[in-house]
Amino acid sequence: MRADIVLAGVGGQGVLTAAGILAEAGRRAHLTVKQGELHGMSQRGGAVTANLRMFDGPVASDLIARGSATMILSLEPVEALRWLPYLAYSGVVVTSSNPVENIPDYPPLADVLEALGRLPHAVVVDADPLARQAGSGHANNVVLLGAAAGFLPFPAKLLRACVEELFATRGERLRDVNLRAFDAGQAAAAVPAG
Amino acid sequence: MPEGIVGDRAAPLGPVGNAAGRPPLLLGDEAVALAALHAGISAAYAYPGTPSTEIFEYLEPRASAFGVVAHWCANEKTAFEQALGMSMVGGRVLVSMKHVGLNVAMDPFLNSALVRIHGGLVLAVADDPGMHSSQNEQDSRVLADFAGVPCLEPGNQQEAYDMTREAFAWSERHHVPVMVRLVTRLCHGRAEVRASDALAPLPASKPSDARDWILLPGYARRLRGLLLEAQEDIRADTAASHWNYLEAVPPYPVRRGVLTSGIARNYLLENLEDVDEPLPHLHVGAHPIPHDMVLELASQVDEVLVLEEGEPVLERRIRGALPALHVVRGRDTGDVPATGELTPEAVRGALGLPPRRELSSALPLPGRPPQLCQGCPHRDAFQALGIALEGHDDAVVAGDIGCYTLGALPPFEALESCVCMGASIGMAKGASDAGVRPAVAVIGDSTFLHSRLTPLVAAVAHDTDMTVLILDNGTVAMTGQQPTALPHSRLEAVVLGVGADPDHVRVVPTHPRRVPELAAVIRQEIAHPGLSVILAVRECIEAVRRNKSAAKAAEDGPS
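## What about the overall build of chain B?
The helix and strand tally for chain B stands at 21 helices and 19 strands. Whereas a compact globule of 559 residues would reach a radius of gyration of roughly 24 Å, chain B reaches 26 Å, a difference of no more than 12%. For the C-alpha atoms alone, the extent of chain B along its principal axes is close to 80 × 65 × 60 Å. Burial status across chain B gives 53% buried among its 559 residues.

## With respect to the confidence of the model for chain B
Of all residues in chain B, 96% attain a pLDDT of 70 or more, and the chain-wide mean is 92. Confidence over residues 1–16 of chain B falls short of pLDDT 50; this stretch has 32 contacts with residues more than four positions distant or in other chains.

## Some thoughts on the domain arrangement of chain B
Residue and element names in this part refer to chain B. Taken domain by domain, chain B holds domain 1 (5–240), domain 2 (245–350) and domain 3 (377–544). When each unit is reduced to the centre of its C-alpha atoms, the spacing between domain 1 and domain 3 is 34 Å. Contacts between the two partners involve 10 residues from domain 1, matched on the other side by 12 residues from domain 3. When the residues that make up the side of domain 1 that touches domain 3 are grouped by side-chain class, the tally is 5 nonpolar, 5 polar and no charged.

## Section: the pairing of strand E18 (residues 505–509) of chain B
Residues and elements named next belong to chain B. Where E18 lies against strand E19 (residues 531–537), 5 bridges are found, and the strand directions are parallel. Across the sheet, Pro-509 pairs through a bridge with Val-537, a residue of E19. Each parallel crossover has a hand, and the one from E18 via helix H20 (residues 515–527) to E19 is right-handed.

## Let's talk about the sheet that holds strand E3 (residues 47–55) of chain A
The strand order across the open sheet formed by 8 strands is E6(A)-E5(A)-E4(A)-E1(A)-E3(A)-E2(A)-E8(B)-E1(B), and the pairing between neighbours is mixed. The open sheet has two free edges, formed respectively by strand E6 (122–125) of chain A together with strand E1 (25–27) of chain B, since each of these has just one partner strand. Along the sheet, successive strands turn relative to each other by an average axial angle of 15 degrees, direction set aside. Here helix H1 (residues 15–28) of chain A sits on the sheet and contacts strand E1 (2–10), strand E2 (32–37), E3 and strand E4 (69–74) of chain A together with E1 and strand E8 (189–192) of chain B; the angle it forms with E3 of chain A, its principal contact strand, is near 5 degrees.

## Quick notes on the sheet that holds strand E10 (residues 254–261) of chain B
Note: strands within a sheet are paired through backbone hydrogen bonds, in either parallel or antiparallel orientation. Residue and element names in this part refer to chain B. Ordered in space as E9-E11-E10-E13-E14, the 5 strands form an open sheet in which the pairing is mixed. Strands at the two margins of the open sheet, each flanked by one partner only, are strand E9 (245–247) and strand E14 (327–329). On average, each strand axis in the sheet is tilted by 20 degrees relative to the strand beside it, whichever way the strands run. Each of E10, strand E11 (281–284) and strand E13 (301–307) is contacted by helix H11 (residues 264–271), which is oriented at about 135 degrees to E10, the strand it contacts most. The strands touched by helix H13 (residues 313–321) within the sheet are E10, E11, E13 and E14, with E13 carrying the most contacts at an inclination of about 155 degrees.

## Digging into the nonpolar core
Counting residues in hydrophobic clusters, the biggest one holds 181 residues, and the most contacted among them are Val-143 and Leu-144 of chain A together with Ala-36, Ala-44, Ala-46 and Leu-307 of chain B. Examining the composition of this core, we find that 8 residues originate from one element, H1 of chain A, more than from any other. For this core, the domains that each give at least three residues are domain 1 (5–240) and domain 2 (245–350) of chain B. With near-sequence residues (within four places) excluded, Val-143 of chain A lies in contact with Val-125, Ala-127, Leu-130, Ala-131, Ala-181, Ala-184 and Gly-185 of chain A.

## Considering the environment of Ala-83 of chain B
Residue and element names in this part refer to chain B. The residue Ala-83 is located in helix H4 (residues 76–88) in this model. Sequence separation between Ala-83 and Ala-43 is 40 residues; the distance between their C-alpha atoms is 7.6 Å. Leaving out residues up to four positions away in the same chain, Ala-83 has contacts with Tyr-45, Val-93, Val-95 and Leu-121.

## Some details on helix H10 (residues 217–240) of chain B
All names here are of chain B. The terminal C-alpha atoms of H10 lie 35 Å apart, and with 24 residues this matches the ideal 34 Å at 1.5 Å per residue to within 8%. At Gln-231, H10 shows its maximal bend, which comes to roughly 25 degrees. Buried within H10 are the following residues: Leu-223, Leu-227, Ala-230, Ile-234 and Thr-238. In the core, the buried residues of H10 are packed alongside helix H8 (157–174) and strand E12 (286–287).

## What about the interface of chain A and chain B?
Counting from both sides, the interface comprises 50 residues of chain A and, opposite them, 44 residues of chain B. Listed by contribution, the elements that provide at least two residues to the side of chain A that touches chain B are H1, E2, helix H2 (77–82), strand E5 (87–96), helix H3 (109–117) and helix H6 (156–168) of chain A. The dominant element in the side of chain A that touches chain B, judged by the number of residues it contributes, is H1 of chain A, at 8 residues. Partitioning the side of chain A that touches chain B into residue classes produces 24 nonpolar, 14 polar and 12 charged. Taken together, the 3 bridges between E2 of chain A and E8 of chain B define a ladder with antiparallel strand orientation.

About the cut-offs
- Residues numbered from 1 in each chain as written.
- Chains lettered and ligands numbered in written order.
- Predicted model: local features only at pLDDT ≥ 70, side-chain atom pairs only at ≥ 80, totals over all residues.
- Helix = DSSP H or I, 4+ residues; strand = E, 2+ residues; numbered from the N terminus.
- Rg over C-alpha atoms; globule rule 2.2 N^0.38 Å.
- Buried ≥ 20, exposed ≤ 12 C-beta atoms within 10 Å, placed from the backbone.
- pLDDT = per-residue confidence, 0-100.
- Contact = placed C-beta atoms within 7 Å.
- Domains from an automatic or database assignment.
- Nonpolar A, V, L, I, M, F, W, Y, C, P; charged D, E, K, R; others polar.
- Pairing = 2+ DSSP bridges.
- Right-handed = clockwise from strand over helix to strand, strands pointing away.
- Axes fitted to C-alpha atoms, helices over the stretch in contact; angles between N-to-C directions.
- Core = buried A, V, L, I, M, F, W, Y, C linked by C-beta atoms within 7 Å.
- Expected span 1.5 Å × (residues − 1).
- Bend = angle between axes of the 7 residues up to and from the residue.

Next up, the structure:
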């Protein structure tokens, strides 16, 4: 019952919110949780990362060791590739395929997607349109949570309940948008990419 | 104190809420803040700086429920001095800052070890090994040692809580401030933290002997003697402390042992399952390091590997203390990288274990550095500065510390220096004194108020031929929109108040459509052969957004 998840994305995409929801679910599943974040300069449109560790025993390090993560959960495809050295060979990459091209030397998207396709275990989700269909372009982090739900050490419905509870505090509309986003992500991950 | 109040106040600021029945999931920073509230502080003072900011951010909204005064301060020195005043009259007090902030507070800090601390004074200082958001990676443990005060170094969030609480009692027992030394990964890592009952603040009481707080040379010599005498008691405390312990010592000699401090222990534990030899382990959470425990470890091993976050502080100390037959390995010997933060991998390598199998991307990946926000007023200011300096190839533009430091990077490349908080004005004056024209200082409003009134006074006194461009966005933006020491509206009066020539103190709005106007003003003031100060004013775009959503939330009412 171990999950070591490297969450990645670009400042403003909701990486830390996603990490917080996962951590809450882990706690409800009675796992020990450690959640590491980087604040400060990383927020200004730069690469953002969080380490989330969940285990049914004590967790020592705040940092996930290279070559040992069970999952990279990324809201941006280049950021998913950036953290590959942290992934265990048996680990899975769950990532959005939608680029954030806020840098001048962004590589051709086809090359990025091809690199992801060569990985042993990758779930690549076209998250932005799913988020928009759910009702908000900002919900792509929750789409990715849905896509990741099948690879976690607790039931998907537990994670879904945490999404529901968090967004319920921000109004009914946002709750429904995010539940639709979660379900869309879950469905997208169930269909083999092709 | 009413029943249940601790639980209520311990509610986390975490993004989701609290899993039923579990202790709150707190950042290391938040654990320090909660511990201080529970230890019965009367006040907390701070200046924001990553990775320490969240200590005060967690504490401030809870302060009034505990009857605690909580103030953001103009800088770290003034924060420390306010804490000293509180301690002198018997109140417990927390003062927090980042590692380089302690340089600013060094004068009161070092001298606070000499006065007889009355109410417990705890300095929480957050180091930034690896320089995630800082200009250097200095190790505050060196400064605790220099001052002669104890330093507690938590290895996890629970210890951050427990040690901070305990630190107040240490401070009162030894009459010195106590440092709680944090590092980035602990500050910004969350874990469940179990809190204990809150204590009520102590009533104010002046020190019984007035000489205890007067560092006139005659009195200071006595106090210096008392501080030296206290060292023995402090060492006895750390030797008896459960924060320091020796474990896994086999009853026979083995090749090597490990010494860890703070969070370095976590990285050892992370790799321990792959170590197939007995590995005696001395962990130090309370400094100064107890020498007897080091000797006990050394008596069973030939070699000691030292794992510590920051400088090779313990490594050097024990190398000097152990018989010459022992090999001490660490950062100085290259077994651990000399710079950068510790990682599970770095420790794995130092233990001599093979690296884990790693995947990598065949595709070369571009970096994604932080940038100024879209709509940020600094963008317009840098554009205007660029226009104004066209044709002035010899110009020197001294920069400072804040979001606007990003103006040193492409596409603007507008700044030529970034050294420490407020250095821009002094450095521009130095360059001007050397004959460089134009000499420009670019500084934010909060950084200006932090420590730049005094160098501005010097520039006024000499009417130095230089132009100070204050980017006034009305907030401490980079650390998350803390309030500045003085509001927008007072800044011009402050500049005029130190004697700047009113004809050359200009207030100009910063706006995409008014870039030419700002550029023209900068050009005029560069041409003036004396001191000019330009206040380029527009509110931080993030602050505007935050205020808008706060206003909307207030309008919508509770959902």
